[in-house]
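Breakdown of the fold
Read off the chains here:
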Amino acid sequence: GNLLVFGGADVLWLGLRTGLSATTGLGNTLFNNANAGIAVGDSNTAAVNTQTDLQATTASTNRHTKAMDATYPTHTTGTGSSTSSKIVFKATFSSSQANFVWNEWAIKNRVGQTAALAGRMLNRKVENLGTKTSAATWAFTVTLSLA
């Protein structure tokens, strides 16, 4: 399923202990509108918690990270599980972006396309979401929740 990776868990604990940074590119960077992105790739390599990035080949045309749409991510403070236990990320991939089979996705706190950029991957999920082509724009929404 959707796997919280060690780097993502580390950011959560850093946030609870000392707070997170608004500075882009640090390991403890906020997963906010300015920094968060949804990454997609074509690898179907199984997810394991030690991974730090997508498994699609670095610098390939079959991986892409897209910044958040305006107002995302969202979280509503509340007292019930329908609000307080979830966060919603959304990114829209244009007709010229990410035109390949989507076999993996992740939430990241860096939006750049190169693996050399610092930052953290929160989670990774392997699932075939279909093949995006230049004939379509895809809006991808991810809701993460705690049980």
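Quick caveat, the model's predicted, so the values are computed rather than measured. (Residues numbered from 1 in each chain as written. Predicted model: local features only at pLDDT ≥ 70, side-chain atom pairs only at ≥ 80, totals over all residues. Heavy atoms only, no water.)

1. A few points about the overall build of the protein
Secondary structure summary: the protein contains one helix and seven strands in total. Start at the N end of the protein and walk to the C end: the helices and strands fall as β-α-β-β-β-β-β-β. Considering only C-alpha atoms, the protein reaches an extent of 40 × 30 × 25 Å along its principal axes. Buried residues in the protein amount to 36% of all 147 residues. By sequence separation, contacts in the protein at least 24 residues apart represent 70% of the contacts at least 6 residues apart. Here the protein has roughly 7,500 Å² of accessible surface; of this, 55% comes from carbon and sulfur atoms. In the protein, the 11 positive side-chain charges and the 6 negative ones have mean positions that sit 4 Å from each other. (Helix = DSSP H or I, 4+ residues; strand = E, 2+ residues; numbered from the N terminus. Buried < 20%, exposed > 50% of the residue type's maximum accessible area, 1.4 Å probe, protein only. Contact = heavy atoms within 4.5 Å. Areas by Shrake-Rupley, 256 points an atom, 1.4 Å probe, with all protein chains shown as cover. Lys, Arg positive; Asp, Glu negative; His and termini not counted. Charge placed at Lys NZ, Arg CZ, Asp CG, Glu CD.)

2. A few points about the nonpolar core
Ile 38, Val 40, Phe 89, Phe 93, Ile 107, Phe 140 and Val 142 are the most contacted members of the largest nonpolar core, which has 18 residues in total. Put simply, the parts of the chain that give this core at least two residues each are strand E2 (37-41), strand E4 (86-93), strand E5 (101-108) and strand E7 (138-145). Once you skip the residues sitting within four places of it in the chain, Val 142 turns out to touch Ile 38, Ile 87, Val 88, Phe 89, Trp 105 and Ile 107. Within the second largest apolar cluster, five residues are counted, among which are Val 5, Ala 39, Leu 54 and Ala 106. (Core = buried A, V, L, I, M, F, W, Y, C linked by side-chain atoms within 4.5 Å.)

3. Section: the pattern of salt bridges
Enumeration according to the criterion identifies four salt bridges in this entry. Two residues, Arg 63 and Asp 53, come together in a salt bridge whose shortest N-O distance is 2.9 Å. On the criterion of sequence distance, the pair formed by Arg 63 in strand E3 (residues 63-67) and Asp 53 in the loop between E2 and E3 is long-range, its members being 10 residues apart. Residue Lys 108 is joined to Asp 53 by a salt bridge in which the shortest nitrogen-to-oxygen separation is 2.7 Å. (Salt bridge = Lys/Arg side-chain N within 4 Å of Asp/Glu carboxyl O.)

4. Comments concerning the pairing of strand E6 (residues 121-131)
Note that strand E1 (residues 3-4) and E6 share two bridges and pair antiparallel. Its bridge partner lying in E6, Leu 4 is registered against Asn 123. Taken together, the seven bridges between E5 and E6 define a ladder with antiparallel strand orientation. Its bridge partner lying in E6, Val 101 is registered against Thr 131. (Pairing = 2+ DSSP bridges.)

5. What to know about a nonpolar patch on the surface
Taken together, the side chains of Leu 4, Leu 12, Trp 13 and Leu 16 present a nonpolar region at the surface, about 460 Å² in accessible area. Broken down by element, the residue count for the nonpolar patch peaks at three residues, all from helix H1 (residues 6-17). (Patch = residues over 30% accessible without salt bridge, like charges linked within 9 Å, V, L, I, M, F, W, Y side chains within 5 Å.)

6. Some thoughts on the environment of Thr 45
Residue placement: Thr 45 occurs in the loop between E2 and E3. Each C-alpha atom, one on Thr 45 and one on Glu 104, is 8.5 Å from the other, the two residues being 59 residues apart in sequence. Not counting residues within four places of it along the chain, the set of residues in contact with Thr 45 comprises Gln 51, Gln 55, Arg 124 and Val 126.

7. Quick look at the sheet that holds E1
The strand order across the open sheet formed by five strands is E1-E6-E5-E2-E3, and the pairing between neighbours is antiparallel. Every other strand in the sheet has two partners, leaving E1 and E3 as the edge strands with one partner each.

8. Quick look at the environment of Val 40
Its place among the elements puts Val 40 in strand E2. The spacing of Val 40 and Ala 91 is 51 residues in sequence and 11 Å in space, taken between C-alpha atoms. The contact partners of Val 40, leaving out residues within four places of it in the chain, are Leu 54, Asn 62, Arg 63, His 64, Phe 93, Ala 98, Phe 100, Trp 102, Glu 104, Trp 105 and Phe 140.

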